Amino acid sequence: MDKVTLGPMPYMSVMPSVLVGTTLKGRANYMTAGAATVACMAPPMVCVAINKARYTAKAIEENKTFSLNFPSVGQVAGTDYCGIVSGAQEDKSKIWTSFYGRLKTAPMAEECPVNLECSLFKAVDCGSHLLHIGEVVEVYADKACMTDKKPDVSKVHPIVYAQAMYFDLGKPLEKAFSAGKRYVKK
Ligand SMILES: Cc1cc2nc3c(=O)[nH]c(=O)nc-3n(C[C@H](O)[C@H](O)[C@H](O)COP(=O)(O)O)c2cc1C
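The structure presented is a predicted model; accordingly, all values stated were derived computationally and were not measured.

(A) Main features of the nonpolar core. Within the largest apolar cluster, 19 residues are counted, with the highest numbers of intra-cluster contacts made by Val 20, Val 48, Ile 50, Phe 66, Leu 68 and Leu 116. Looking at this core, the elements with two or more residues in it are β2 (18-24), β3 (27-33), β5 (45-51), α1 (55-63), β6 (65-70) and β9 (114-125). Excluding residues within four positions of it along the chain, Val 20 makes contact with Asn 29, Tyr 30, Met 31, Ala 33, Val 48, Ile 50, Thr 56, Ile 60, Phe 66, Ser 67 and Leu 68. Tyr 30, Cys 82, Trp 96 and Cys 112 belong to the second largest nonpolar core, which has seven residues in total.

As structure tokens, this is what we get:
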């Protein structure tokens, strides 16, 4: 074994780039987040870790709703902007065209090919960050990004975040739930 120790940190090799849509004082706001993933399959839940000091954390506390929006590689500048400017200082509501579902306070960005409308299930206090777990009440997807009635990642073209850089998704490697079948036991 030839390893170095790096100290404790929440290392993830790659993360998504999502925009967390919220409403505070009647105004839509979008915040960039990398710390987002699936929390549960049934019921369908996602989670996103948000620093307690963020405008977005206050907005979720106010309405108990949020959205996760998946921007495409062509939307890097707007996505990054939402991660370097706070809604507390600037109105970010016009960066994306907002649309709303039945929750009314979870604005979603029309320009992003996939949007999840979420109702807050629980906010877990982890220290600096609150892990916001949201039940997905609806998924919206651009018709142009669909293949066989499912969002097609090659059409969605999501932004991958790693090492403080944005990446394009690489080439498909092999089928999941299938590659393991040719594994030879040691
Ligand atoms: C690529 C990227 C990923 C980020 N991921 C997170 C995250 O997962 N959680 C978080 O609290 N802040 C994250 N941030 C920082 C917030 O997006 C940033 O502080 C933003 O200005 C907060 O917006 P708000 O004050 O309008 O809520 C990230 C920023 C960037 C650029």
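(B) Region of the structure containing the sheet that holds strand β1 (residues 15-16). The sheet built from three strands is open, its strands ordered β1-β13-β14 with antiparallel pairing. Because the sheet does not close on itself, it has two edges, and the strands there are β1 and β14 (165-167). Pairing analysis gives two bridges linking β1 to strand β13 (residues 160-162), with the strands arranged antiparallel. Of the residues in β13, the one forming a bridge with Met 15 is Tyr 161.

(C) Up close: the site of the ligand. What surrounds the ligand is a group of 22 residues, the closest being Thr 32, Asn 51, Thr 56, Ser 86 and Gly 87. Thr 32 places a polar main-chain atom, nitrogen or oxygen, 2.7 Å from an oxygen atom of the ligand. Here Gly 87 contributes a backbone N or O atom positioned 2.8 Å from an oxygen atom of the ligand. Here the ligand loses 86% of its free accessible area of 650 Å² to cover by the protein chains. In this structure the site holding the ligand corresponds to the largest pocket. Secondary-structure elements contributing two or more residues to the shell around the ligand are β3, β5, α1 and α2 (76-84). Sorting elements by how many residues they give to the shell around the ligand places β3 first, with four residues. Grouping the amino acids of the shell around the ligand by side-chain chemistry returns 10 nonpolar, nine polar and three charged.

(D) Region of the structure containing the pairing of β9. In the sheet, β6 pairs with β9 via six bridges, with the strands oriented antiparallel. In the strand pairing of β9, Thr 65 is matched with Ser 119. Connecting β9 to the next strand, strand β10 (residues 129-141), in antiparallel fashion are three residues, including Gly 127 with a positive phi near 135 degrees.

(E) Representation of the pairing of β6. Judged by how many residues are buried, β6 sits mostly within the fold: five of six residues are covered. Relative to β6, β2 runs antiparallel, the two sharing three bridges. The residue of β6 that forms the bridge with Gly 21 is Ser 67.

(F) Representation of α1 in the model. All buried positions along α1 are accounted for by Tyr 55, Thr 56, Ala 57, Ala 59 and Ile 60. Looking at the buried residues of α1, the elements they touch are β2, β3, β5, β6, β9 and β10. Just beyond α1, the residue with positive phi is Lys 64, at close to 60 degrees.

(G) Inspection of the packing of aromatic side chains at higher detail. Tallied over the entire structure, the rule returns two aromatic pairs. Centre to centre, the rings of Tyr 161 and Tyr 166 are 5.9 Å apart; their planes meet at 40 degrees, and the pair counts as tilted. A relative accessible area of 27% means that Tyr 161 is categorised as partly exposed.

Conventions we followed
Along each chain, residues carry numbers from 1 onward, in the same order as the chain's sequence is written. Reporting in this predicted model follows two pLDDT cut-offs: at least 70 for local features of residues, and 80 or more for side-chain atom pairs to be given and counted; totals over whole chains, interfaces and linings ignore these cut-offs and use all residues. Derived side-chain values reflect all non-hydrogen atoms in the structure, with water molecules and hydrogen atoms excluded from consideration. In this text, buried Ala, Val, Leu, Ile, Met, Phe, Trp, Tyr and Cys residues form a nonpolar core when linked through side-chain atoms within 4.5 Å. The classification of residues rests on relative accessible area computed with a 1.4 Å probe and restricted to protein chains. Under 20% of the type maximum is buried, over 50% is exposed, and intermediate values are partly exposed. Strands here mean DSSP runs of E at least two residues long; helices mean DSSP runs of H or I at least four residues long; both are numbered from the N terminus. By definition in these notes, contact holds between two residues if any of their heavy atoms fall within 4.5 Å. Each pair of strands is called paired provided DSSP finds at least two bridges between the two strands. Nearness of a residue to a molecule or strand requires only that one of the residue's heavy atoms be within 4 Å of it. Here a polar contact is recorded for every N or O atom pair within 3.5 Å, except that within protein the pair must consist of a potential hydrogen donor and a potential acceptor, and residues adjacent in sequence are included only if both atoms are side-chain atoms. Surface accessibility follows the Shrake-Rupley procedure with a 1.4 Å probe radius. Residue values consider only the protein chains on display as shielding. In this analysis the probe radius is 1.4 Å and the grid spacing 1 Å, with only protein atoms considered; a cavity is a set of points the probe fits into but cannot get out of, a pocket is an open set with protein on both sides within 12 Å along at least five of seven lines, and lining residues have an atom within 4 Å of a point. Cavities and pockets are treated as containing a molecule whenever more than half of the molecule's atoms lie within 2 Å of their grid points. As a working rule, the residues Ala, Val, Leu, Ile, Met, Phe, Trp, Tyr, Cys and Pro are called nonpolar, Asp, Glu, Lys and Arg charged, and the rest polar, with Gly in that last group. For Phe, Tyr and Trp, where Trp contributes only its six-membered ring, two rings pair if their centres lie within 6.5 Å, and the inter-plane angle classes them as stacked under 30 degrees, edge-to-face over 60, or tilted in between.

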